[in-house]
Amino acid sequence: MRFLWGVVALGLSGCIVVPVGEDGIFSDPISVANDAQFDDPSPDAFEEDLFLALVNDERGNVSAQPVVYNALLTEAAQDYAEDLVANNRFDHIGLDGSTPGDRVSATGYEWAWVAENLFRGSTKEAAAIQTWMESTSGHREAMLEERAEEIGVGLEDTTYVLILADPL
């Protein structure tokens, strides 16, 4: 099997990062109880451009190449965000046993490396990004991974799913 899985425990109140593939990482979900601490210019509606800018700002801080949106990755992320909320779940393994790599492949996207970060507790883009960046269990590493070239993001209620990938 092409996947190498490592398990990393998360010491925050609830977020998930799952890079899978060669040298992949598997982490736990992250959530926040109070998002008032996060500065966000658009607290009422998800703004794709803002989210991408925040990710690329963080990547730029470590001289990593910027990432771009991919429609297939966004489809996989949005579908999974909706599934997590509909089934009151917060896990990288789907009810059907699917992994992040399985869900991405099901869209027709061909990847060499893929990672998934999960966050629950706010609709603020900055809350998700800042929480992942402060994580010590793989979320930050996934966002800053050199191999990442494309992303997809899904948001349902207060649950974000971020997928980062290196296409074949």
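Residues numbered from 1 in each chain as written. Predicted model: local features only at pLDDT ≥ 70, side-chain atom pairs only at ≥ 80, totals over all residues. Heavy atoms only, no water.

**Q** How would you explain unusual backbone geometry if you had to name every residue and give the values?
**A** Phi is mostly negative for residues that are not glycine, and the peptide bonds are mostly trans. In the Ramachandran plot, Ser 63 falls in the positive-phi region, its phi being about 60° despite a non-glycine side chain. As for its position among the elements, Ser 63 is in the loop between α1 (48–61) and β5 (68–69). Phi is positive for Asp 157, which is not a glycine, with a value near 55°. Along the polypeptide, Asp 157 turns up in the loop between β7 (150–156) and β8 (159–167). (Helix = DSSP H or I, 4+ residues; strand = E, 2+ residues; numbered from the N terminus.)

**Q** Just give me the short version of the environment of Gln 78, but keep the residues and values in it.
**A** By the secondary structure assignment, Gln 78 is in helix α2 (residues 71–86). By relative accessible area, Gln 78 is classed as partly exposed at 21%. Distance from Gln 78 to Val 153, taken between C-alpha atoms, is 6.5 Å for residues 75 residues apart in sequence. With sequence-adjacent residues up to four places away left out, Gln 78 is seen in contact with Val 153, Gly 154, Leu 155 and Glu 156. (Buried < 20%, exposed > 50% of the residue type's maximum accessible area, 1.4 Å probe, protein only. Contact = heavy atoms within 4.5 Å.)

**Q** Quick rundown of the packing of α1 against helix α4 (residues 125–134)? Include the residues and the values.
**A** Direction vectors running N to C along α1 and α4 enclose 25°, while the axes themselves pass 9 Å from each other. One element, α1, and the other, α4, form an angle in the roughly parallel class. In this structure, α1 meets α4 at a crossing whose hand is right-handed. Contact residues: Leu 50, Phe 51, Leu 54, Val 55 and Glu 58 in α1; Glu 125, Ala 126, Ile 129, Trp 132 and Met 133 in α4. The class makeup of the residues in the contact of α1 with α4 is eight nonpolar, no polar and two charged. (Axes fitted to C-alpha atoms, helices over the stretch in contact; angles between N-to-C directions. Parallel < 35°, antiparallel > 145°, perpendicular 65-115°, else oblique. Left-handed = near helix turned anticlockwise from the far one by under 90°. Nonpolar A, V, L, I, M, F, W, Y, C, P; charged D, E, K, R; others polar.)

**Q** Break down the pattern of salt bridges for me, citing the residues and quoting the values.
**A** Under the definition given, this model contains three salt bridges. We note a salt bridge from Asp 91 to Arg 89, for which the minimum N-O separation is 3.9 Å. Judged by relative accessible area, which is 31%, Asp 91 ranks as partly exposed. Notably, a salt bridge pairs Glu 145 with Arg 147, separated by 3.0 Å at the nearest N-O pair. Judged by its relative accessible area of 27%, Arg 147 falls in the partly exposed class. (Salt bridge = Lys/Arg side-chain N within 4 Å of Asp/Glu carboxyl O.)

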